[in-house]
Every structure is written in structure tokens, then in C-alpha cells.
Amino acid sequence: MLSVREAQAKVRERIRPLTPESWPLSCELLGLQLAEDVVSDLDMPPFDKALMDGFAVRSADLENGARTLKIIEEVSAGKTPQKTVQPGQATRIMTGAPLPAGADAVVMIERCRIVDADAVRIEDAPRPEQNILRQGREMRVGQVILAQGVRLRPQEIGLLATVGKTQVKVRSAPKVAVVATGDEVVAPAEMPGPGQIRNSNALMLLAQVARAGGVPHNRGIARDRLDSLRPHIAEGLLADILVLSGGVSAGKLDLVPSVLEESGVEAEFHKVAMKPGKPVFFGVKEHDERRSFVFGLPGNPVSAMVCFELFVRPAIQGLLGYPPEIRLVKATLAEDFHYKTDRQTYHPAQLSISEHGWQVRPTPWFGSPDLRGVTAANAFVVFPEGDHHHRAGAVYDVLQVE
Ligand code: AMP
Ligand code: MG
């Protein structure tokens, strides 16, 4: 059986970034990869700019500290100064306004005492350039300000707006279809009958897709019959990634792998040495001009969640154009913990930062169906196979999921 690391490598080997597309600039581009170099269409700031509310002065006038100056004008942001500051004069100025000619410093208002409408007592000896940002200091027209390949975060999106880049070439976000399977699975709005269970997985997985940067598509519930699985899988294969929950174990009605294979999905692995999540399936469908990546996740909610974070999330990141992020950190165990398991186990846990670095505390958990237990967790601590007394202070790998 493959280890988690080996299985992740198999996913990584098949993933290629999606082709770029042009999109209107909006906050929805958050997280996408820029696919062109962006050039500034202006100088920033476009003029010599005041960084404080106060008075624009000639620093030479104030070499010896306090002095009373004549107020000649008032300039707020959006206005243009009309007068040159001559020796012995000052212009009242607001943050963001253009610096008047003649001035070479701005004294903050807290250091100024207004004597009357025409006079201000400056109690400061500003150095030249104090509280001024000169034209083009941030960037110059024609300069490349964002290079192809960067991830668009809020600051990059704001900068694109600054330079008027209203149409942006980015790598598309992968479309991810989610199909739940199972005869016993009913919609959240229903009260489950005997032997039934509400479909928690679809919404959970769709939320994980959104968190990972994919575009979630809910493709409903397929029953454990060929005539129900086939159309659901055919529709799911229209997406870049198809995520199925349930139907991949060794039961009589676990038909998902066989329907995938008859649908042209080439299996890369089926089963990984881990707990929860051992029956996980991964395969690839080659279409004429594109590929779909298919993940069959076990139906128990915590298995589905852990498998998503270990295998599907890196696939989404890869299609977005990023190297698969390693979300494992080393953390010290906060307290002694006895744990017996027959496979490497991802156990729900609280990861926190302490004065000694990352610290991890396993949270109470009753196994792969127990999704409620995971609501007290923000991570999964990795325990090795065997019957062990884990000691406080020992170091473990921890999978971050937030
Ligand atoms: P399976 O992997 O199909 O054998 O499913 C394992 C268990 O997961 C089943 O016994 C169900 O109780 C549960 N399960 C399957 N699908 C879902 C789902 N969509 N939402 C919540 N639980 C599920
Ligand atoms: Mg099932």
C-alpha cells in the first residue's frame, strides 16, 4: 500500500496548471495567479505628496526651531496649490494633498499653533523632505510593478486598481464537482429514516473546495446503482476535478471505482496506508484537450475531510499554478497521550503557538464518523502505527487545516 507521501507524489506528477484567461478586475480574483507582467500607467504618487495634516514650510526658515510664519493658502486632498511658499510663509496642507512649490517639508499639525487666520507658530525644526513622498517614489510610469506568477492577495488587487488594470490575465480557478454517493444518504432538509444519514459530506467538501481556491459545484447524490452513478460521474467529469464521497471501500455496493474505470478514468491509486481514509481512490480521465482529476473519498465524514486536505487541496493548488504547499508543521505534544492504532493516524487536534513554538493537543474523538469531534480541532496530529505512550514535549507532524 502507498504511503501518504507516495500518494501525494502521484497526484503531483499528473497535475499541470490550467491555461490563463482574461478577467475583469474584482475581489473575486483573490488567490489566483497573475499570468502577465503588469506595467504602471502613471507615477505614484503622481505629485509630491504630503503625508501628514499640518503646514508645508521651507525647512531653512526653521533651522533654529520655533518661528511664526504667514499662512498664504490652504490645500486639501484633491486640490492643487496656487501659490509658491516664499521665505517666512507656510501653506496649510492636508494628508494626501500636493506639496506647494517652494516648500520642502511638512510639519505635523500637533507641532503648530495657529495664532490667527494669517499666522501660525511652528514649534519644530523639520529636516528637508520630512513628511513628504516625492513624485514617482513608489513607482514610475512604464515600470513592471507585478510580475507574472504572483498570487493575487488583497494588496496586489489594490495595486492593480491603482494602475487602472481593469482586465487581468490570470490562471483560471479549477471547477470542482462534488458528488455524494450512497443509498442511505438523504438531503439535510430531511429527517433521516431508519439506517439513513444526512448528506454532510457534500456541503463540507464544497466548503473545503472554496477554502482551497477552487470553484465548487454541487452535483447531488448518486445512488449505489450503475444507472445512477454513471450519469452523475459523466456530468462530474465535465469539471476539472471530480470529488466523490462514499462507494470506494470493499463492500458489495462500492461501485465507484468500477464505474470510473468504465468511464475512461485511469486509476493511479486505490488505498493509502492511513487512518482515517484508507480506501481513497485517485485517477485521471484524459479528454481530447484537457484532463479531469478524480478523487473517490471514503464516505465517513472525517475520512473525506482528511483525504481532501491531503490529496485534493494540493491538486487544486497545482491547477492554480502553485507548488503544492506543505501544510505539515512540527509541534510539541502539550500533554501525555496514549494511543493505539494499526495505521498511521491523523487525529483531530488543537494546534497553537506557545512561547516555545508550535504546540499540539489531541482533541476527544470517536473515529471516522465523528465530525462533531473535529469542530473542536483546527489540525490533525500524525501518530505512528502501534501502541504508544506519547510523551508531553515529544515532536510530531501536524497537518494544518485552517
Ligand atoms: P462508504 O464509504 O460509502 O462505505 O460510507 C461509509 C459511511 O459514511 C457510511 O456508512 C455512511 O454512514 C457515511 N456516509 C456516506 N456518505 C455520506 C455523506 N454524504 N454524508 C455523511 N455521511 C456519509
Ligand atoms: Mg456507501
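Our structure's up above, just so we're on the same page.
Source: prediction; values computed, not measured.

A. A look at the sheet that holds strand 9 (residues 119-122). Read across the sheet, six strands follow the order 7-4-6-5-9-8 without closing on themselves; strand pairing throughout is mixed. Each having just a single partner strand, strand 7 (105-108) and strand 8 (112-116) make up the two edges of the open sheet. Averaged over all neighbouring strand pairs, the angle between strand axes comes to 40°, with direction disregarded. Sheet analysis places strand 4 (residues 54-57) next to strand 6 (residues 89-93), joined by three bridges and oriented antiparallel.

B. Representation of the nonpolar core within the structure. One finds Ile241, Phe295, Leu297 and Phe311 to be the most contacted residues of the largest nonpolar core, which totals 74 residues. Among the elements that take part in this core, helix 6 (residues 301-320) stands out by supplying 13 residues, more than any other. If near-sequence neighbours (up to four positions away) are discounted, Leu297 is found in contact with Leu205, Val243, Leu244, Ser245, Gly246, Val248, Val280, Ala304, Cys307, Phe308 and Val312.

C. Structural detail: the site of ligand 1. Every one of the 16 residues lining ligand 1 counts as a neighbour, but Asn199, Ser200, Gly247, Gly299 and Asn300 are closest to it. At 3.2 Å, a backbone N or O of Ser200 approaches a nitrogen atom of ligand 1. Out of a free accessible area of 490 Å², ligand 1 has 79% covered by protein chains. At the level of secondary structure, the elements contributing two or more residues to the shell around ligand 1 comprise strand 13 (175-181), strand 15 (197-198) and helix 3 (200-212). Looking at the shell around ligand 1 residue by residue, the classes come out as four nonpolar, 10 polar and two charged.

D. Broad picture of the sheet that holds strand 23 (residues 345-354). The strand order 21-24-23-25-27 describes a closed barrel built from five strands, whose pairing is mixed. Pairs of neighbouring strands in the sheet enclose a mean axial angle of 50°, with direction left out of account. When strand 23 meets strand 25 (residues 379-383), the two strands line up antiparallel, connected through five bridges. Paired with Thr345 across the strands is Phe383, a residue of strand 25. Contacting strand 23, strand 25 and strand 27 (395-400), helix 6 crosses the sheet at an angle of about 90° to strand 25.

E. Fine view of the pattern of salt bridges. One pass over the structure, following the stated rule, counts 21 salt bridges. Note that Asp61 is salt-bridged to Arg67, the shortest N-O span being 3.6 Å. For Asp61, a relative accessible area of 12% corresponds to the buried category. Residue classification places Arg67 among the partly exposed residues on the basis of a relative accessible area of 33%. The structure contains a network of salt bridges with shared partners spanning Arg14, Glu266, Glu268, Glu286 and Arg291.

Parameters and conventions
Residues numbered from 1 in each chain as written. Chains lettered and ligands numbered in written order. Predicted model: local features only at pLDDT ≥ 70, side-chain atom pairs only at ≥ 80, totals over all residues. Heavy atoms only, no water. Pairing = 2+ DSSP bridges. Helix = DSSP H or I, 4+ residues; strand = E, 2+ residues; numbered from the N terminus. Axes fitted to C-alpha atoms, helices over the stretch in contact; angles between N-to-C directions. Core = buried A, V, L, I, M, F, W, Y, C linked by side-chain atoms within 4.5 Å. Buried < 20%, exposed > 50% of the residue type's maximum accessible area, 1.4 Å probe, protein only. Contact = heavy atoms within 4.5 Å. Near = heavy atom within 4 Å. Polar contact = N/O pair within 3.5 Å; in protein donor to acceptor, adjacent residues only side chain to side chain. Areas by Shrake-Rupley, 256 points an atom, 1.4 Å probe, with all protein chains shown as cover. Nonpolar A, V, L, I, M, F, W, Y, C, P; charged D, E, K, R; others polar. Salt bridge = Lys/Arg side-chain N within 4 Å of Asp/Glu carboxyl O.

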